[in-house]
Amino acid sequence: MNNATLLALGATVLCGTLAVAGAHTYASGRSQRQALVDRLAGSQGGPLRTASGRVRRFTAVDRRLRRTRLGRAIHLRLTTTGLDLTAGEYATYVAMVVVALWLIAAATLAPFFGPIAGAVGIWAAAIFLNWQRQKRIEAFINQLPDVARLLANATAAGLALRTALAMAAEELEAPAGEELARVADQLALGRSVDDALGELAERLPSRELVVLVTTLVLSNKAGGTVVSSLRNLTQTLEDRKETRREVRTMLSEVNATAFTVPFLGLGSLLLINSSNEGALARVTGSPLGQILVLVSIGLYTVGFFVIRRLGKIEV
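> Tell me about a nonpolar patch on the surface, and please be specific about residues and values.
A cluster of nonpolar residues, Val120, Trp123, Ile127 and Phe305, forms a patch on the protein surface that exposes about 350 Å² of accessible area. At 3 residues, helix H5 (residues 113-156) tops the list of elements feeding residues into the nonpolar patch. Looking at where Val120 falls in the secondary structure, it is placed in helix H5.

Below is the structure:
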């Protein structure tokens, strides 16, 4: 055997050895990870549970989904809504709703409306998350006067800003208590006040919170009369809270109209199909009928967003 043959044989043996070692390491890591998951589940006396005691469902789906970019995006969106759901639970529930809407629309109207109903279900799930997030932001904004008042009183008593934030987290209810507790935990782990409060402003974006965070950050950096600034800000936030409530009351009819218009279209379809059974199936049986149905759905969608835009006023 010449040197080239010996070199090739040695390289083959080395590659095979490294492949076996890599496969063994990968299998060992997976087994250790599974053992850790099982031990954590066993330490809780059974399946994984939430802080409120609810059993976590679809944990296997959640583990697989969290490895993907879509799963991580869903998880980040859920953390801003305050919902006690994992990405796997949310995705599974959405899939069930989509399948149910698909079958109901196909059986009630026509098979052509099945995919449309499924797409509407996915869109409604995204709208639901945005609504929950906005609802949490609104609830947090309504608590901001109390937050500013507690911070002003704590600062006037001589407490540091970190201690004042921790005290406010204990005194306030959710969502302000939960969010401030998260900020206090980050400060306890060594993060700066600027970073922790900046992340809070990004998680729950609003003009009122940006003003409060800017006041706290500037006072923490440069010092000054933080007590008088917070007390003046408390009155301003109270006035803005009342203004927002009045604007929301005046625009409630417009928002109700935006959601009524699509339901009128759906009611018309049900009325047509009930008065003349099979009419929608015959209409959607031709390409022209399908195009006309899609155009009408698009017009209803445009009308929904136009009405919503007309009823959206930034205060």
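> Describe unusual backbone geometry, and please don't skip the residues or the numbers.
Pro175 follows Ala174 through a cis peptide bond whose omega is 5 degrees. With respect to the element layout, Pro175 can be found in the loop between helix H6 (161-171) and helix H7 (176-188).

> Break down the nonpolar core for me, with residues and values.
In this structure, Leu151, Leu165, Leu180, Leu197, Leu200 and Leu212 are the most contacted members of the largest nonpolar core, which totals 33 residues. For this core, the secondary structure elements donating two or more residues are H5, H6, H7, helix H8 (193-203), helix H9 (207-222) and helix H10 (226-250). For this core, the element with the most residues is H5, which contributes 9 residues. Dropping the residues within four chain positions of it, Leu151 is found in contact with Ala164, Leu165, Ala168, Leu216 and Leu230. Grouped together as the second largest cluster of nonpolar side chains are 9 residues, Leu65, Ala87, Val98 and Ala125 included.

> Run through the pattern of salt bridges, naming residues and quoting values.
A full pass over the atoms with the stated rule returns 12 salt bridges. Among the salt bridges present, the one from Glu238 reaches Arg149, with a minimum N-O distance of 3.1 Å. Of the two residues, Glu238 is situated in helix H10 and Arg149 in helix H5; the sequence distance between them amounts to 89 residues. With a shortest N-O distance of 3.4 Å, Glu199 and Arg203 are connected by a salt bridge. Here Arg203 and Glu199 lie together in helix H8, a separation of 4 residues that amounts to about one turn.

The rules behind the values
Residues numbered from 1 in each chain as written. Predicted model: local features only at pLDDT ≥ 70, side-chain atom pairs only at ≥ 80, totals over all residues. Heavy atoms only, no water. Patch = residues over 30% accessible without salt bridge, like charges linked within 9 Å, V, L, I, M, F, W, Y side chains within 5 Å. Areas by Shrake-Rupley, 256 points an atom, 1.4 Å probe, with all protein chains shown as cover. Salt bridge = Lys/Arg side-chain N within 4 Å of Asp/Glu carboxyl O. Helix = DSSP H or I, 4+ residues; strand = E, 2+ residues; numbered from the N terminus. Core = buried A, V, L, I, M, F, W, Y, C linked by side-chain atoms within 4.5 Å. Buried < 20%, exposed > 50% of the residue type's maximum accessible area, 1.4 Å probe, protein only. Contact = heavy atoms within 4.5 Å.

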